[in-house]
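Remarks on the overall topology
Residue-level listing of the chains:
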Amino acid sequence: MSIATILLLILWVYTVIFLVILVKDIIAHKGEVKSEKGTTVVANSGVSLIANFFDTLGIGSFAIATSAWKFTKSISDDLIPGTLNVVFAVPVVTEATIFIQRIDMDPLTLVLMIVSSAIGAMIGAKIMSKLDIMKIRLVLGIALIIVAIITLCKINAIGPFGIIGSARGLTGGMLIVGVVVNFFLGALMTAGIGLYAPCMALVLLLGMSADIAFPVMMGSCAYLMPSAGITFVKEGKYDRASAIPMLILGVIGVLIAGFIVTSLPLTLLTYLVCIVMVICALMFFHDARKQSIK
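Conventions used here
Residues numbered from 1 in each chain as written. Predicted model: local features only at pLDDT ≥ 70, side-chain atom pairs only at ≥ 80, totals over all residues. Heavy atoms only, no water. Patch = residues over 30% accessible without salt bridge, like charges linked within 9 Å, V, L, I, M, F, W, Y side chains within 5 Å. Areas by Shrake-Rupley, 256 points an atom, 1.4 Å probe, with all protein chains shown as cover. Salt bridge = Lys/Arg side-chain N within 4 Å of Asp/Glu carboxyl O. Helix = DSSP H or I, 4+ residues; strand = E, 2+ residues; numbered from the N terminus. Buried < 20%, exposed > 50% of the residue type's maximum accessible area, 1.4 Å probe, protein only. Core = buried A, V, L, I, M, F, W, Y, C linked by side-chain atoms within 4.5 Å. Contact = heavy atoms within 4.5 Å. 1 Å grid on protein atoms, 1.4 Å probe; cavity = no way out; pocket = protein on both sides within 12 Å on 5 of 7 lines; lining within 4 Å. Points joined across faces, edges and corners; volume = space filled by probe spheres on them. Axes fitted to C-alpha atoms, helices over the stretch in contact; angles between N-to-C directions. Parallel < 35°, antiparallel > 145°, perpendicular 65-115°, else oblique. Left-handed = near helix turned anticlockwise from the far one by under 90°. Nonpolar A, V, L, I, M, F, W, Y, C, P; charged D, E, K, R; others polar.

Things to note about a nonpolar patch on the surface
Nonpolar side chains collect at one region of the surface, where Val23, Ile27, Ile244, Ile248, Ile252, Ile256 and Ile260 lie side by side and expose about 550 Å² of accessible area between them. Going through the elements one at a time, helix H1 (3-28) and helix H12 (240-261) are the ones with two or more residues in the nonpolar patch. Here the element with the most residues in the nonpolar patch is H12; it accounts for 5 residues. Structurally, Ile27 is set in helix H1.

Description of the pattern of salt bridges
Taken as a whole and assessed by the stated rule, the structure comprises 4 salt bridges. The salt bridge involving Asp78 is made with Lys237; its shortest N-O contact spans 3.1 Å. With Asp78 in the loop between helix H4 (62-72) and helix H5 (80-87) and Lys237 in the loop between helix H11 (213-235) and H12, the pair connects residues that are 159 residues apart, well separated along the chain. One salt bridge connects Asp211 with Arg168, and the closest N-O pair in it is separated by 2.9 Å. Highlighted residues: Asp211 in the loop between helix H10 (196-205) and H11 and Arg168 in the loop between helix H8 (133-155) and helix H9 (172-189), separated in sequence by 43 residues. Looking at Asp211, the relative accessible area reads 12%, which means it is buried. Judged by relative accessible area, Arg168 falls into the partly exposed class, the value being 28%.

Side note on the nonpolar core
Formed by 83 residues in total, the largest nonpolar core has its most connected members in Trp69, Phe214, Met217 and Met277. Considering each element in turn, this core owes the most residues, 10 residues, to H11. Here Trp69 is in contact with Asn44, Val47, Ser74, Ile75, Ile80, Thr83, Leu84, Phe88 and Met246, once residues within four sequence places are set aside.

Section: the layout of surface pockets
In this model, the second largest pocket occupies a volume close to 150 Å³. Within the residue set of the lining of the second largest pocket, elements represented by two or more residues are H8, H9 and H10. The leading source of residues in the lining of the second largest pocket is H8, at 5 residues.

Structural notes on the packing of H10 against H11
Where H10 contacts H11, the two axes come as close as 9 Å, and the packing angle between them is 140°. The orientation of H10 with respect to H11, classified from their angle, is oblique. Our pair here, H10 against H11, has a crossing hand that is right-handed. When H10 is examined against H11, the residues Tyr196, Cys199, Met200 and Val203 are found in contact with a partner set consisting of Ala213, Phe214, Val216, Met217, Met218 and Cys221. When the residues that make up the contact of H10 with H11 are grouped by side-chain class, the tally is 10 nonpolar, no polar and no charged.

And the structure:
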């Protein structure tokens, strides 16, 4: 049995446990679920499908869904964080399953980077509470723009940057760098800073192929989100009425986009990664500006 298969078996066992806890909670509060308007459930499910479609492309689902829910006021603000972690857990696990199976990557690099991000997230709150998140967002935004420019220069053979990386894994000092940085990226997730775009930048900077970012970043998040989801379910801090429809439509969105991403030529995929990094950099600048105004 391969390491990738073992990773996925462990992941799905834990996901099934999460699903059992979720369904039991919804059944226990079925009166609340029935009282919700059908139109709201349909709208929220549509948001989930779209958000998870773009999440599979690497853009991230949280910002899209949060913006949509706040604009439509279909989910109260206090329930949004829990709903994101509860409803999008299974779609992210589905993403991880697709990309870990389909993209050939060095197993040791994959396991160590996933484990390091998970550990980073578990202890990240203590670290992040002492840092200036606004400055972190600004630094990450600038870094993503720089990496995107360098990557575009590499693809088009402009300047002294050489060719784009093609490694399927890391060894020696580069592996240590990858593991350590992914630890901090996992920690940053506890501060509401997404892992996807910084992970893409890390993969490209370390000389790996652009497609390697997908199993790493999605595998990392897939191991984190069911744990967070269970906590929110037990606290009842999520939208119970829309949870199952949103979960199902989210998985459908992932499946649609998953076949698009895995069928893209590598050069085109690298361009997509650059676009994603620029979009996320702009999001970081926007969030930093909002925080500075408060």
